[in-house]
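Next come the chains, spelled out residue by residue.
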Amino acid sequence: MTKLTQIQRNRYKRHIMLSEIGESGQEKLLQAKVLVVGLGGLGSPVAYYLAASGVGTLGIADSDRVDITNLQRQILHSSDTIGILKTESARRTLKNLNPDVKIIKHNERLTTENARQLVSDYDIIVDACDNFETRYVMNDICYELDKPLVHGSIFQFEGRTTVFIPEQGPCYRCLYPERPPEDLIPGDNEIGLLGVLPGVIGTIQATETIKLILGIGTFLAKRMLIYDALNMDFQEIELKVSPECPLCKEKKDIS
Ligand SMILES: [Zn+2]
């Protein structure tokens, strides 16, 4: 494992001071490879904090371009990058923040065709996307390849987050066995959303990702945290393996 330079010792000083992290933990972060799927409201704080924390390789996947309606919440992007690909806009912001981080751009949506190739190079996958298809694809490939999946979702004033660890309890399909019918799914720009909401959920996703890399603390696994911003309330619900889940039905519920 490569040793930290003096500049890195300064940059990550406040991490190194924590006994749970130290120099060896910071080296682990610098060696880690994380894929962030979606560079919108959730992906922005996730990628920003992971880059600031010195996660050494960040894959960033999104096929969209920056639009002015994104800027109320998607803090990776700015008025200067309207019209360009979100991956490029994000790369500029993240490189400017921390040149230690290697950024790998994936200008594509995750599909059943490309998922294996995209996901297999990374240690941990962060679900920061905004659609059901991608979530199912991500869930299935992470389950198959045994990669932790750090889930986040947002709706109006409410956010939800959990960590799916294959071998340890439920997966996304246990929670949401079927995709809702098309007419029940609001389009990307058709629902209101409190701009700061994804900041809270995305920051929790980044926290869990860092803890998974370091192997410290208690993970948000087998439980979902539900944040109600309007009433400033956090609740937790226990998650169980579904006997109907096509992936997990063989598995004994160990929760
Ligand atoms: Zn399942």
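Here, every reference points to the structure presented above.
Reading guide: rules and limits
Residues numbered from 1 in each chain as written. Predicted model: local features only at pLDDT ≥ 70, side-chain atom pairs only at ≥ 80, totals over all residues. Helix = DSSP H or I, 4+ residues; strand = E, 2+ residues; numbered from the N terminus. Buried ≥ 20, exposed ≤ 12 C-beta atoms within 10 Å, placed from the backbone. Pairing = 2+ DSSP bridges. Axes fitted to C-alpha atoms, helices over the stretch in contact; angles between N-to-C directions. Contact = placed C-beta atoms within 7 Å. Expected span 1.5 Å × (residues − 1). Core = buried A, V, L, I, M, F, W, Y, C linked by C-beta atoms within 7 Å. Right-handed = clockwise from strand over helix to strand, strands pointing away. Parallel < 35°, antiparallel > 145°, perpendicular 65-115°, else oblique. Left-handed = near helix turned anticlockwise from the far one by under 90°. Nonpolar A, V, L, I, M, F, W, Y, C, P; charged D, E, K, R; others polar.

1. Some remarks on the overall build of the chain
- Along the chain, the regular secondary structure elements total nine helices and eight strands.
- Along the first, second and third principal axes, the C-alpha set of the chain runs to 55 × 45 × 40 Å.
- Per-residue burial over the chain gives 38% buried out of 255 residues.

2. Focus: the sheet that holds strand S2 (residues 57-61)
- One open sheet accounts for eight strands, arranged S3-S2-S1-S4-S5-S6-S7-S8; its pairing is mixed. Looking at strand neighbours, the two that pair on one side only are strand S3 (102-106) and strand S8 (233-238), the edges of this open sheet. Here the strands of the sheet are splayed against their neighbours by 15 degrees on average, with no regard to which way each runs.
- Direction of pairing for S2 relative to S3: parallel, over a ladder of five bridges. Bridge assignment links Gly59 to a residue of S3, and that residue is Ile104.
- Helix H9 (residues 197-214) contacts strand S1 (33-37), strand S4 (124-127), strand S5 (149-155), strand S6 (158-164) and strand S7 (223-228) of the sheet and is inclined by roughly 175 degrees relative to S5.

3. Here we look at the environment of Lys147
- If you trace the backbone, Lys147 turns up in the loop between helix H7 (132-145) and S5.
- For the pair formed by Lys147 and Pro166, sequence separation is 19 residues and the distance between their alpha carbons is 6.8 Å.
- With near-sequence residues (within four places) excluded, Lys147 lies in contact with Val119, Ile124, Ile125 and Cys142.

4. Section: helix H5 (residues 86-97)
- Between the first and last C-alpha of H5 there are 16 Å, a value that for 12 residues agrees with the 16 Å anticipated at 1.5 Å per step.
- By the burial criterion, the buried members of H5 are Lys86, Thr87, Ser89, Ala90, Arg91, Thr93 and Leu94.
- Looking at the packing, one finds that the buried side of H5 touches helix H4 (43-52), S2 and S3.

5. Digging into H7
- End to end, H7 covers 20 Å across 14 residues, agreeing with the expected 20 Å (1.5 Å per residue, within 8%).
- Listing the buried residues of H7 in full gives Arg135, Val137, Met138, Asn139, Ile141 and Cys142.
- Once H7 finishes, Asp146 follows within two positions and takes phi at roughly 60 degrees, a positive value.

6. Section: the nonpolar core
- Residues Val36 and Ala47 are the most contacted members of the largest nonpolar core, which totals 54 residues.
- Take this core: its biggest share by element is seven residues, from H9.
- When near neighbours in sequence (up to four residues on either side) are disregarded, Val36 contacts Gly43, Val46, Ala47, Leu58, Gly59, Ile60, Ala61, Val126 and Ala128.

7. Comments concerning the environment of Pro45
- Along the chain, Pro45 turns up in helix H4.
- Taking the number of C-beta atoms within 10 Å as the measure of exposure, Pro45 has 24 and is therefore buried.

8. Topic: the pairing of S1
- Most of S1 is tucked away, with four of its five residues classed as buried.
- Two elements, S1 and S2, share five bridges in a ladder whose sense is parallel. From the neighbouring strand, Lys33 faces S2, where its bridge partner is Thr57.
- The parallel pair S1 and S2, bridged by H4, forms a crossover whose chirality is right-handed.
- Sheet analysis places S1 next to S4, joined by four bridges and oriented parallel.

9. Examining the packing of H4 against H5
- Interhelical geometry of H4 versus H5 gives an angle of 30 degrees and a closest axis separation of 9 Å. Relative to H5, H4 is oriented roughly parallel. The crossing of H4 and H5 is right-handed. For the pair formed by H4 and H5, the contact residues are Ala47, Tyr48, Ala51 and Ala52 on the first element and Ala90, Leu94 and Leu97 on the second.
- In the contact of H4 with H5, the residues fall into seven nonpolar, no polar and no charged.

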